[in-house]
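This is what each chain is made of:
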Amino acid sequence: MADTKLITFKVRRYDPDKDTAPHWEEHKLNVHDGMTVLEALHEIKAEQAPTLAWRSSCRMGVCGSCGMFINELPMLACQTQVLHLNTDVVTVAPLPNYDNVKDLVPNLEPLIEKHAAIKPFIIHTNSKEIDEPTGEFIQSVEQRDEYSQFTFCIKCGLCLAACPTVATDPLFLGPQALAQAYRYTVDSRDCGLQERLVALDAFHGPYQCHMAGACSQACPKGVDPALGIQLLKRTLVLDSIGFGKKPSQLSKVMPLADVVKQIEEFAPPPRTVIK
């Protein structure tokens, strides 16, 4: 029998049918090396708290269902080993920046709605070719590399839970949707940037990002959504002056002299600090 360590779990409970506000429950459990927080919750439910609710599925860090606020950080419960937290007390709460459905279950509808808003699919100039392709949409290795890392997103929602802008602006699209907007826009097969601009508005789009980088720190798959947002900003700026567009999106590139003239016409704001 492997050695075990007694760990205190502080689990936030909330049943909307019974409770007026969330509350904390303590459960003690002998934890062995390699036990994950998700496994610990299963044992607590089986032996101490039969009504405890959470969401999980694959147990392999693939489905993204078991996102939780563990020791005040958004993590996947199935990937987080209890003893690796190096503490005798483990707190488990639902992800912040989402409404709480019950106990450890967050309402992820805003995540899915924002993801859908940026049209996360290939938009081609010839819709018939998409529905009834006459051949393959060939890409080079270099074209694939432009967006490859952003395809690893599993929609776990941890990045929105970590984002300080989402905490203050619920309408902010958030790192998940914005990184995916870049993923599809930079895809060589896609021509849908103009359609996505409806969602990528100035008030709740990429320019609301304060570049805290918390989303990339929380991401369990190394997507680096903060990088995606910065690249999206660059794409939008270059697109607005005629660069960055793919040939299928652009009928005529603005001459460089006209670009320089356009930039020079923007007067800087008055100085606020005078040395």
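Above this note sits the structure.
Here is what the cut-offs are and how they apply
Residues numbered from 1 in each chain as written. Predicted model: local features only at pLDDT ≥ 70, side-chain atom pairs only at ≥ 80, totals over all residues. Heavy atoms only, no water. Buried < 20%, exposed > 50% of the residue type's maximum accessible area, 1.4 Å probe, protein only. Helix = DSSP H or I, 4+ residues; strand = E, 2+ residues; numbered from the N terminus. Arc of directions from axis to C-beta. Contact = heavy atoms within 4.5 Å. Core = buried A, V, L, I, M, F, W, Y, C linked by side-chain atoms within 4.5 Å. Lys, Arg positive; Asp, Glu negative; His and termini not counted. Salt bridge = Lys/Arg side-chain N within 4 Å of Asp/Glu carboxyl O. Pairing = 2+ DSSP bridges. Axes fitted to C-alpha atoms, helices over the stretch in contact; angles between N-to-C directions.

## Re helix α2 (residues 109-117)
Alright, step 1. Of all the positions in α2, only L111, K114 and H115 are classed as buried. When α2 is viewed along its axis, its buried side chains cluster within an angular range of 100 degrees and face the same direction.
Alright, step 2. In this fold, the buried residues of α2 make contact with α5 (158-162) and α7 (174-185).
Alright, step 3. Taken from the residues just after α2, K119 is the one with a positive phi, measuring 55 degrees.

## Structural notes on the nonpolar core
Alright, step 1. In terms of nonpolar packing, the biggest core is built from 61 residues, with F9, L41 and M68 touching the most fellow members.
Alright, step 2. Beyond its immediate chain neighbours, meaning those up to four positions away, M68 contacts L41, W54, L73, P74, M75, A77, V92, A93, L95, L104 and L158.

## Description of the side chain of E129
Alright, step 1. Along the chain, E129 turns up in helix α3 (residues 127-131).
Alright, step 2. An unpaired buried charge is present at E129: no salt bridge exists, and K128, the closest side chain of opposite charge, is 8.2 Å distant.
Alright, step 3. When neighbours within four sequence positions are excluded, E129 is seen to be in contact with T134, G135 and F137.

## A few points about the sheet that holds strand β2 (residues 23-32)
Within a sheet, adjacent strands bond to each other through the backbone by hydrogen bonds, running parallel or antiparallel.
Alright, step 1. Strands sit in the order β2-β1-β5-β3-β4 across an open sheet of 5 strands; the sheet is mixed. The open sheet has two edge strands, β2 and β4 (73-76), and neither has a second partner. Across the sheet, the mean angle from the axis of one strand to that of its neighbour is 35 degrees, orientation sign disregarded.
Alright, step 2. The sheet contact formed by strand β1 (residues 4-13) and β2 spans 10 bridges and is antiparallel. Considered in β2, the bridge of V11 is made with E25.

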